[in-house]
Amino acid sequence: MASETTIEQALPRKHYLNASYGVKSWLLTTDHKRIALLYLMTVTVFFLLGGAFAVMVRLELLTPAGDLMDSETYNKMFTMHGVMMVFFFLIPAIPAVLGNFLIPIMVGARDLAFPRINLLSWYVFVLGGTFAFGAMLAGGVDTGWTFYTPYSTTYANTYVIATAFGAFFAGFSSILTGLNFIVTIHKMRAPGLTWFRLPLFVWAHYATSVIQVLGTPVIAIAIVLLAVERVFRIGIFDPALGGDPVLFQHLFWFYSHPAVYIMILPSMGVISELICCFSRKKVFGYHFIAFSSVGIALLGFLVWGHHMFVSGQSVFAGMIFSVLSMLVAIPSAVKVFNWTATMYRGSISYQAPMLYAMGFLGLFTIGGLTGLFLATLAVDVHLHDTYFIIAHFHYIMVGGTIMGYLGGIHYWWPKISGRLYPDMWARFSALVIFVGFNLTFFPQFVLGYMGMPRRYHAYPEEFQVLNVMSSAGASILGVGYLIPLVYLLWSLRYGQPAGPNPWGAKGLEWLTPSPPPTFNFDETPEVTEEAYEYQKDYEKQRGKEAPVG
Amino acid sequence: MAEAAAVVAHQFDDAEQQRDSVSLGMWLFLIQEIMFFGGLFLGYTVYRYKYSEAFRIGSNELELAWGGINTVVLIFSSLTMALAVHAAQLGKRKAIVAWLLATILLGSVFLGIKGIEYTHKFEHHLVPGPGFHYEGSHARQVQLFFSFYFVMTGMHALHMVIGVGLLAVLVWMAQAGKFDSAYYSPVEMTGLYWHFVDIVWIFLFPLLYLLGRDR
Amino acid sequence: MTQRAIPLPTDESGHHVVPVRLYLMIFGALMVLTAVTVWAATVNLGPLNVVVALLIAGLKATLVILYFMHVRYSKPQVWIFVGAGFLWLAIMITLTISDYLSRGW
């Protein structure tokens, strides 16, 4: 396929980045693309903060003794790592950065349905981050990101309420984002753009938004009750006064389990785009992937009790949740099979976005399969609160979500910035990340199986080798994350202009200039073909010869 | 179609798309409010099941007369709100203002009565916390009942205060002639919010005040 | 604009105007139901007290939703969204209560 990058491209004269200048034009913008960049800068800061806490954790765990910091400080480190990463990076990253930027363009609209609410969502997010970061500066919180009662309500003397309200505001921000996406996707699609012609990225974000709207308010009320209990000491969750700590866990996990699908579904949406583009092939089983996204969102609400198998929940309820948890694996598996089938007999190229996508396929599969072990009630009794759990969710959140995020950033960077980055460096970082990631987290499966508990700053000597491997891997992973910061920033000034479609991809976003004009399209596009019609291009090029397979 | 105030924002193609989108947006907001209050109802349900006797006692300590009057007042305010939307649909400026003011008045009466009830609870040492004191049996779980009473009605009252604020803004807008029969979305959407707050009370009243009064 | 078999009154953006009489009738029904629920609470029905109270509250809420909130005159899409909200609440309460109910088993 003739690469459009071989033709000398020029930046468009007027686009969303130079449409207006000055701090006010950014802080008071209602352009979804600028808001996406505001989010990009904010989530990157929070990611680096969360990463710094992870560094402290892995440094302590280099030695079996708790010698780098005392146990209370260690508790603060893993708590703040979790809070920062979950609430301030993983949940917002793909929807608020890539979703905000792309969804209006992908549906052929000038902006989201509610641009001012979009801006409000960013401010609310920053407010939440300020609360959480302020709490960390003031002395931190040590309850674990899960804020379990009665420790968080009665015994902790750290900044619980401030941190929890940080999460509260981050959650409210995500409700507003989800609301905006749902209305935009329902009401503002261009002529000819039926539901089943939408990019799967949009379907993924639709499903994510449903979760955000239905689930987030429940953790909001859990946080309110936690704060009320902590301030007034009235026994809502305190056993001494008749309260039930498990009630808090029900309220907490009713959101926090679907939250993990908020984290993974957008990444799956990215993967669908990447696999099709870099296999030059229409996705296998479009409807199955679309319906699986919605299925994951819906089923994901029925399984939260699998976090509470050993908390005092009834065994009967545990059995129900165990069975339902098995079911939710099915739509995810369907997607993995379909992506693989898409690649089969495709014309595959290995640019950086594709390396991230392929990494996702392997790492998400491992993470997902290990989830099945944990869903099995009896096995979870052994594995709960061990490093097996930590490895499982990091395979999904880092091996899944972050790979998808980075793949998406690399794929759409030319569209967002108008510039190309050096692909060699990008591929190199992708490989460094892949190696570093596996070295960090695979040993943790073994550690967990062998019985090393989580959230302890000291451990028995026999676990040291694996811990050292894990910490070594973490340093490699960290390097892998830092390199893109360098070349992506470099590309803003020195990168080759990208042109509208450097990848030769399908989708409305590739029809606009790079960077796009403020209102995305000069005229509302009309959609006449199905999604991912890569084969048709191929046929046209080869003079209607049918491709092999 | 009257052009008057039907300003279509730049992201929308026409007034119809704008109206549909705003309406769907408000419904989504209300759906998340259902889940927000729902968490409180869940907690209440769990503890009512576990401590039925204590919660029965707690319900009987509430002032049924005030609660009943408030229920009537709030449903009445839903009527006046619906009539305000009706007036907006017909473009009757003075009627819109009048019905909105009536709604504000009724909402304020509701909040005033809640203030009276809360004051009585305070005087009887039934506010949870260090000042709580209950003489009868199951004192600890009666405190739990009152925790839920105050959080649930308090959260509801907070939503009403916000509603009254929104209504005040609407009065100002209506008085300035911003609404006509082609454009009255803000009135309609605030109406949806107000009716939702009414529905929350429709469930709060029997669950808090009525269960346990059959002995 | 959608065509209807029986012409209903509409405003200038084509949306259905509910007659005031209907609003007053719904209000009346809500008042009656309020009185009924207060009275029913004083009658000892055992475990049915809760059921009756919730059914009446549900009926009142339905009237407010259908008529005051105009859902009766709205597209099926709105019905689905409203239904989804209540369905989700039901899921949350049901699954959680199943834990508490079965603790002793």
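For every chain, the first residue of its written sequence is number 1, and the numbers climb from 1 along that sequence. Key to labels: chains lettered from A, ligands numbered from 1, both in the order written. Local features are withheld for residues below a pLDDT of 70 in this predicted model, meaning they are given only at 70 or higher, and side-chain atom pairs are given and counted only at 80 or more; totals for whole chains, interfaces and linings count all residues. Just so you know, side-chain values use all the structure's heavy atoms and leave hydrogens and water out.

1. A short note on the overall build of chain A
Part 1 of the reasoning: Comment: elements are numbered from the N terminus, with helices defined as DSSP H or I runs of at least four residues and strands as E runs of at least two. When helices and strands are counted, chain A shows 17 helices and zero strands.
Part 2 of the reasoning: Radius of gyration here is computed from C-alpha atoms only, and the compact-globule reference equals 2.2 Å multiplied by the residue count raised to the power 0.38. Its C-alpha atoms give chain A a radius of gyration of 23 Å, within 12% of the compact-globule value 24 Å for 549 residues.
Part 3 of the reasoning: With the principal axes as the frame, chain A shows a C-alpha extent of 75 × 50 × 45 Å.
Part 4 of the reasoning: When a residue's accessible area, from a 1.4 Å probe over protein chains only, is under 20% of the maximum for its type it is buried; when over 50% it is exposed; and in between it is partly exposed. Among the 549 residues that make up chain A, the fraction classed as buried is 62%.
Part 5 of the reasoning: By sequence separation, contacts in chain A at least 24 residues apart represent 83% of the contacts at least 6 residues apart.
Part 6 of the reasoning: Here the Shrake-Rupley method, with its probe set to 1.4 Å, supplies the accessible areas, and only the displayed protein chains count as covering residues. Element-wise, carbon and sulfur atoms account for 69% of the exposed surface of chain A, whose accessible area totals about 19,900 Å².
Part 7 of the reasoning: Counting rule for charge: Lys and Arg are taken as positive, Asp and Glu as negative, and neither His nor the chain ends is counted. Charge placement uses NZ in Lys and CZ in Arg. For Asp and Glu, CG and CD serve respectively. Side chains of chain A carry 30 positive and 28 negative charges; the gap between the two charge centres is 10 Å. In this description, contact between two residues means that some pair of their heavy atoms is separated by no more than 4.5 Å.

2. Quick notes on the overall build of chain B
Part 1 of the reasoning: Secondary structure assignment for chain B yields six helices and zero strands.
Part 2 of the reasoning: Counting across all 215 residues of chain B, residues that qualify as buried make up 64%.
Part 3 of the reasoning: The long-range share in chain B, meaning contacts at least 24 apart out of those at least 6 apart in sequence, stands at 79%.
Part 4 of the reasoning: Surface accessibility of chain B: about 7,600 Å² in total, with carbon and sulfur atoms responsible for 65%.
Part 5 of the reasoning: With 13 positive and 16 negative side-chain charges, chain B shows a spacing of 7 Å between the two charge centroids.

3. Some words on the interface of chain A and chain C
The extent of an interface is frequently quoted as the accessible surface area lost upon association of the parts.
Part 1 of the reasoning: Facing 22 residues of chain A, the contacting portion of chain C comprises 14 residues.
Part 2 of the reasoning: Note on terms: buried area is the combined drop in 1.4 Å-probe accessible area of two parts once they are placed together, counting the loss on both. For the pairing of chain A and chain C, the buried interface totals around 1,600 Å² over both sides, and the portion due to carbon and sulfur atoms is 70%.
Part 3 of the reasoning: The salt bridge definition used is simple: a Lys or Arg side-chain nitrogen within 4 Å of an Asp or Glu carboxyl oxygen. A salt bridge links Asp244 of chain A to Arg103 of chain C; the shortest N-O distance between them is 3.4 Å.
Part 4 of the reasoning: Whenever a nitrogen or oxygen atom comes within 3.5 Å of another N or O atom, the pair is scored as a polar contact, on the condition that within protein one atom can donate a hydrogen and the other can accept it, and that pairs from neighbouring residues in sequence are kept only if both atoms are in side chains. The tally of links between chain A and chain C comes to nine residue pairs in polar contact (both at pLDDT 80 or more).

4. Focus on the environment of Gly473 of chain A
Residues and elements named next belong to chain A.
Part 1 of the reasoning: Mapped onto the secondary structure, Gly473 falls in helix H16 (residues 464–494).
Part 2 of the reasoning: With relative accessibility at 0%, the residue Gly473 sits in the buried group.
Part 3 of the reasoning: Distance in space between the C-alpha atoms of Gly473 and Arg58 is 9.8 Å, their sequence separation being 415 residues.

5. So, a nonpolar patch on the surface
Part 1 of the reasoning: Nonpolar side chains (Val, Leu, Ile, Met, Phe, Trp, Tyr) within 5 Å and like charges within 9 Å form the patches, drawn only from residues with over 30% relative accessible area and no salt bridge. A contiguous nonpolar surface patch, about 490 Å² in accessible area, is contributed by Leu45, Leu48, Val50, Val51, Leu54 and Leu55 of chain C.
Part 2 of the reasoning: Its place among the elements puts Val50 of chain C in helix H2 (residues 48–68).

6. Details of the pattern of salt bridges
Part 1 of the reasoning: Scanning all chains against the criterion turns up 14 salt bridges over all chains.
Part 2 of the reasoning: Asp20 of chain B is the salt-bridge partner of Lys75 of chain C, the closest N and O atoms lying 2.9 Å from each other. Of this pair, Lys75 of chain C sits in the loop between H2 and helix H3 (76–101) while Asp20 of chain B sits in helix H1 (residues 15–50), which puts the two residues in different chains.
Part 3 of the reasoning: Of the charged contacts, one joins Glu117 of chain B and Lys114 of chain B as a salt bridge, the two residues approaching to 2.9 Å between their closest N and O atoms.

7. Some points on the side chain of Thr163 of chain A
Part 1 of the reasoning: Looking at where Thr163 of chain A falls in the secondary structure, it is placed in helix H7 (residues 160–187).
Part 2 of the reasoning: Among residues more than four places away in sequence, those in contact with Thr163 of chain A are Val83, Ala132, Ala135, Val141 and Phe147 of chain A.

8. Re the nonpolar core
All names here are of chain A.
Part 1 of the reasoning: To form a nonpolar core, buried Ala, Val, Leu, Ile, Met, Phe, Trp, Tyr and Cys residues must be joined to one another through side-chain atoms within 4.5 Å. Within the largest apolar cluster, 293 residues are counted, with the highest numbers of intra-cluster contacts made by Phe87, Tyr405, Tyr411 and Trp412.
Part 2 of the reasoning: Of the residues forming this core, the biggest block, 22 residues, is contributed by helix H9 (residues 245–279).
Part 3 of the reasoning: What Trp412 contacts, discounting residues up to four positions off in sequence, is Leu98, Leu102, Met106, Phe201, Val270, Glu273, Glu509 and Trp510.

9. A closer look at the interface of chain B and chain C
Part 1 of the reasoning: With 50 residues of chain B at the interface, the matching set in chain C holds 51 residues.
Part 2 of the reasoning: At the surface where chain B touches chain C, the tally comes to one salt bridge.
Part 3 of the reasoning: For the pair chain B and chain C, the number of links is five residue pairs in polar contact (both at pLDDT 80 or more).
Part 4 of the reasoning: Contributions of two or more residues to the side of chain B that touches chain C are made by H1, helix H3 (64–89) and helix H6 (185–210) of chain B.
Part 5 of the reasoning: Counting residues per element, the side of chain B that touches chain C draws most heavily on H1 of chain B, at 17 residues.
Part 6 of the reasoning: Nonpolar residues are Ala, Val, Leu, Ile, Met, Phe, Trp, Tyr, Cys and Pro. Charged residues are Asp, Glu, Lys and Arg, and all others, Gly as well, are polar. When the residues that make up the side of chain B that touches chain C are grouped by side-chain class, the tally is 33 nonpolar, nine polar and eight charged.

10. Points about the packing of helix H4 (residues 93–123) of chain B against H6 of chain B
Residue and element names in this part refer to chain B.
Part 1 of the reasoning: Helix axes are fitted to C-alpha atoms over the stretch in contact, other axes to C-alpha atoms as well, and angles between N-to-C directions run from 0 to 180 degrees. In contact at an axis separation of 14 Å, H4 and H6 are set at 30° when each is read in the N-to-C sense. Classified by the angle between their axes, H4 and H6 sit roughly parallel to one another. For H4 against H6, the interelement crossing comes out left-handed. Side by side, H4 and H6 meet where Thr103, Gly107, Phe110, Lys114 and Glu117 of the first sit next to Trp194, Trp201 and Tyr209 of the second.
Part 2 of the reasoning: The residue makeup of the contact of H4 with H6, split by class, is four nonpolar, two polar and two charged. Here is the rule for angles: anything less than 35 degrees is roughly parallel, anything more than 145 is roughly antiparallel, 65 through 115 is roughly perpendicular, and the remaining ranges are oblique. By convention the crossing between two helices is left-handed if the near helix lies anticlockwise of the far one by an angle smaller than a right angle, and right-handed if it lies clockwise.

11. As for the packing of helix H8 (residues 200–232) of chain A against helix H10 (residues 286–299) of chain A
Residues and elements named next belong to chain A.
Part 1 of the reasoning: Direction vectors running N to C along H8 and H10 enclose 15°, while the axes themselves pass 8 Å from each other. The orientation of H8 relative to H10 falls into the category roughly parallel. For H8 against H10, the interelement crossing comes out right-handed. In this structure, H8 uses Leu200, Trp203, Ala204, Ala207 and Ile211 to contact H10, whose residues at the interface are Tyr286, Ile289, Ala290, Ser293, Val294 and Ala297.
Part 2 of the reasoning: Its residues placed into classes, the contact of H8 with H10 shows ten nonpolar, one polar and no charged.

12. Let's talk about the packing of aromatic side chains
Each aromatic ring pair is summarised here by two numbers: the centre-to-centre distance and the angle between the ring planes.
Residues and elements named next belong to chain A.
Part 1 of the reasoning: Two rings from Phe, Tyr or Trp (for Trp, the six-membered ring) form a pair when their centres are within 6.5 Å of each other. A pair whose planes differ by under 30 degrees is stacked, one over 60 is edge-to-face, and the rest are tilted. Counted according to the given criterion, the structure contains 70 aromatic pairs over all chains.
Part 2 of the reasoning: On the numbers, 5.3 Å between centres and 15° between planes, the contact of Phe360 with Phe364 is stacked. Of this pair, Phe360 and Phe364 both sit in helix H12 (residues 352–375), four residues apart, which is roughly one turn of that helix. Each member of the pair, Phe360 as well as Phe364, is classed as buried.
Part 3 of the reasoning: Positioned above the aromatic ring of Trp26, the side-chain terminus of Arg34 is 4.3 Å from the ring centre. We count a charge as sitting over a ring when the NZ of a lysine or the CZ of an arginine lies within 6 Å of the ring centre and within 35 degrees of the ring normal.

13. Structural notes on the state of the cysteines
Part 1 of the reasoning: Note on terminology: pairs of cysteine sulfur atoms within 2.5 Å are recorded as disulfides. Overall, the coordinates contain zero disulfides over all chains when judged by the stated rule.
Part 2 of the reasoning: The closest cysteine sulfur to the non-disulfide-bonded Cys277 of chain A is located on Cys276 of chain A, 8.7 Å from its own sulfur.

14. A closer look at the confidence of the model for chain A
All names here are of chain A.
Part 1 of the reasoning: Looking at chain A as a whole, its pLDDT mean stands at 94, while 97% of the residues score no less than 70.
Part 2 of the reasoning: Here residues 1–5 is a poorly scored stretch, pLDDT under 50, and it has nine contacts once near neighbours within four places are set aside; other chains count.
Part 3 of the reasoning: Scored between 0 and 100, pLDDT is the confidence that the predictor attaches to each residue. Low pLDDT (under 50) marks residues 545–549, which in the prediction has six contacts with non-local residues, meaning those over four places away or in another chain.

15. A look at unusual backbone geometry
All names here are of chain A.
Part 1 of the reasoning: With an omega of -5°, the peptide bond running from Thr149 to Pro150 counts as cis.
Part 2 of the reasoning: Structurally, Pro150 can be placed in the loop between helix H5 (115–138) and helix H6 (151–155).
Part 3 of the reasoning: For the peptide bond that leads from Ser514 to Pro515, omega is -5°, which places it in the cis range.
Part 4 of the reasoning: If you trace the backbone, Pro515 turns up in the loop between H16 and helix H17 (534–541).
Part 5 of the reasoning: Not every positive phi belongs to a glycine, and Asp385 is a case in point at roughly 60°.
Part 6 of the reasoning: Within the secondary structure, Asp385 sits in the loop between helix H13 (377–383) and helix H14 (387–417).
Part 7 of the reasoning: Judged by its relative accessible area of 37%, Asp385 is partly exposed.
Part 8 of the reasoning: The phi dihedral of Asn520 is positive, around 70°, even though this residue is not glycine.
Part 9 of the reasoning: Mapped onto the elements of the fold, Asn520 is located in the loop between H16 and H17.
Part 10 of the reasoning: On the accessibility criterion, Asn520 (1% relative accessible area) is buried.

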